[in-house]
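What follows is the residue order along each chain.
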Amino acid sequence: MRKQQADGSPNSVPNPKDSLKWTNVLGVRISAVNLKSATGFIQKAIEDGRKEYVCVRDAHGVVRCQDDPELRSIHNRAFLVTPDGMPLVWALKRAGHSESDRVYGPDLMLCVFEAGVSQGLRHFLYGATAETLERLQARLLARFPQAQIVGTYAPPFHKLSLQEEADVADRINRSGADIIWVGLSSPKQELWMARMRDRLEASMLIGVGAAFDFHAGLKRQAPRIIQRSGFEWAFRLLCEPRRLWRRYALVVPTFISLTAFQRLGLRKFPIEDEVFGSSAPKTAAAKV
């Protein structure tokens, strides 16, 4: 039986992983962190030699989890699921986690790079294209001259064969990386991290999506005031209307309506940790 926090919210409970606190947003465990604390938890996990992965999550990703039990399970088994969107930050604050704040993927990447210099952390960049990785590496090293980027890999556009995946794992392992930054689209990066976690010796896998393009200077980020407003989706829609209009036409009303149902107690969204697509024993799936 889960214990409630002092705030009395049934959705705000200790995470079994190191008692990291979280709240339940539509059946997805969102970590009660801010940029500083998320960076600290990642550093400590690496120091302790743990092997984990981190999902950087927004409302769109939470909505996708509703119809994808495997993706939902991947999030709920992550070391951290950081609140990348303001609606998730607001949900954490409503649950009593007043210190929680947005942990935006591009910001997390820079913060961990900066903090990792004194630790001597070794970074590997996985995703995007060879050209993007070249620009990204150059710009990161210009900003953090003492950072150790020990390897990069731009995967082919086709699905990797088992042999190709084995070769990639060997290449990354030989680099001696502590952190693998994964810059694929969602949910590809979450599926890749979960699938490859046991094959990789690096302590931490962190999926940051478009952060590669942003830090490589290939895409424009929303101004900070828009990022904090909760309307970053509108900025992105204006920048890429043809690609994104269908996504936001579905995500925005779906997220608002489902979170309203959850808050009013009209529908339950239990946390499920069932492991899909592996040989690990499965737990009984909870009923919604």
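Going by the structure above, here's the rest.
All values derive from a computational prediction rather than experimental measurement.

A. Structural detail: the overall build of the chain. The helix and strand inventory of the chain stands at 12 helices and 9 strands. At a minimum sequence separation of 6, the contacts of the chain that also span at least 24 residues come to 71%. Surface summary for the chain: the accessible area is close to 14500 Å², and the carbon and sulfur share equals 53%.

B. Examining the packing of aromatic side chains more closely. For the coordinates displayed, the defined rule picks out 4 aromatic pairs. With a centroid separation of 6.0 Å and an interplanar angle of 25°, the aromatic rings of phenylalanine 113 and tryptophan 181 are classed as stacked. Taken together, the residues span a long stretch of sequence, with phenylalanine 113 in helix α5 (residues 105-119) and tryptophan 181 in strand β8 (residues 179-183) at a distance of 68 residues. A residue is classified by how much of its surface remains accessible, and phenylalanine 113, at 0% relative accessible area, is buried. Overall, tryptophan 181 belongs to the buried group, its relative accessible area being 0%. Chaining the aromatic ring pairs together yields one cluster made of Phe113, Phe144 and Trp181. Positioned over the ring face of tryptophan 22 is arginine 29, at 4.6 Å from the centre of the ring.

C. Local environment of the sheet that holds strand β4 (residues 52-57). The parallel open sheet is built from 6 strands, whose spatial order is β5-β4-β9-β8-β6-β7. This sheet does not close on itself; its edge strands, each paired only once, are β5 (80-83) and β7 (148-153). On average, each strand axis in the sheet is inclined to that of its neighbour by 20°, with strand direction left out of account. As judged from the 4 bridges shared by β4 and β5, these two strands associate in the parallel manner. By the bridge assignment for β5, valine 54 is matched with leucine 80.

D. Broad picture of the pairing of strand β6 (residues 122-127). For β6, the buried fraction is high: 5 of the 6 residues fall into the buried class. When β6 meets β7, the two strands line up parallel, connected through 5 bridges. Note that in β7 the partner of phenylalanine 124 across the bridge is glycine 151. Between the parallel pair β6 and β7, the chain is carried across by helix α6 (residues 130-143), and the sense of this crossover is right-handed. In the sheet, β6 pairs with β8 via 5 bridges, with the strands oriented parallel. Following the sheet pairing, histidine 123 is matched in β8 by isoleucine 179.

E. Seen up close, the environment of lysine 93. Along the chain, lysine 93 turns up in helix α4 (residues 86-94). With 61 residues separating them along the chain, lysine 93 and alanine 32 place their C-alpha atoms 8.8 Å apart. Beyond its immediate chain neighbours, meaning those up to four positions away, lysine 93 contacts Ser98 and Ser100.

F. Summary view of the pattern of salt bridges. Applying the stated rule across the entire model yields 9 salt bridges. In this structure, arginine 122 engages aspartate 178 in a salt bridge whose closest nitrogen and oxygen atoms are separated by 3.0 Å. Here arginine 122, found in strand β6, pairs with aspartate 178, found in the loop between α7 (162-175) and β8; they are 56 residues apart in sequence, far enough to count as distant. Take arginine 122: its relative accessible area is 33%, and that puts it in the partly exposed class. Overall, aspartate 178 belongs to the buried group, its relative accessible area being 14%. Measuring nitrogen to oxygen at the nearest pair gives 3.0 Å for the salt bridge that ties arginine 199 to glutamate 165. In this pair, arginine 199 is assigned in the loop between α8 (188-196) and β9 (204-207) and glutamate 165 in helix α7, connecting sequence segments 34 residues apart. Here the salt bridges do not stand alone but share partners, grouping Arg57, Asp58 and Glu190 into one network.

G. Quick peek at the side chain of aspartate 58. Topologically, aspartate 58 is positioned in the loop between β4 and α2 (59-66). A polar contact of 3.4 Å, which involves the side chain of aspartate 58, links it to the side chain of arginine 57. Dropping the residues within four chain positions of it, aspartate 58 is found in contact with Asp84, Gly85 and Leu88.

H. Focus on the side chain of arginine 29. Summarising the element assignment, arginine 29 is placed in strand β3 (residues 28-31). On the accessibility criterion, arginine 29 (7% relative accessible area) is buried.

I. Examining the nonpolar core more closely. In this structure, Tyr126, Ile180 and Trp192 are the most contacted members of the largest nonpolar core, which totals 38 residues. The next biggest cluster of nonpolar side chains, apart from the first, holds 32 residues, and it includes Val54, Leu125, Leu136 and Ile206.

The rules behind these values
Residues numbered from 1 in each chain as written. Predicted model: local features only at pLDDT ≥ 70, side-chain atom pairs only at ≥ 80, totals over all residues. Heavy atoms only, no water. Helix = DSSP H or I, 4+ residues; strand = E, 2+ residues; numbered from the N terminus. Contact = heavy atoms within 4.5 Å. Areas by Shrake-Rupley, 256 points an atom, 1.4 Å probe, with all protein chains shown as cover. Phe/Tyr/Trp six-rings, centres within 6.5 Å; stacked < 30°, edge-to-face > 60°. Buried < 20%, exposed > 50% of the residue type's maximum accessible area, 1.4 Å probe, protein only. Lys NZ or Arg CZ within 6 Å of the ring centre and 35° of its normal. Pairing = 2+ DSSP bridges. Axes fitted to C-alpha atoms, helices over the stretch in contact; angles between N-to-C directions. Right-handed = clockwise from strand over helix to strand, strands pointing away. Salt bridge = Lys/Arg side-chain N within 4 Å of Asp/Glu carboxyl O. Polar contact = N/O pair within 3.5 Å; in protein donor to acceptor, adjacent residues only side chain to side chain. Core = buried A, V, L, I, M, F, W, Y, C linked by side-chain atoms within 4.5 Å.

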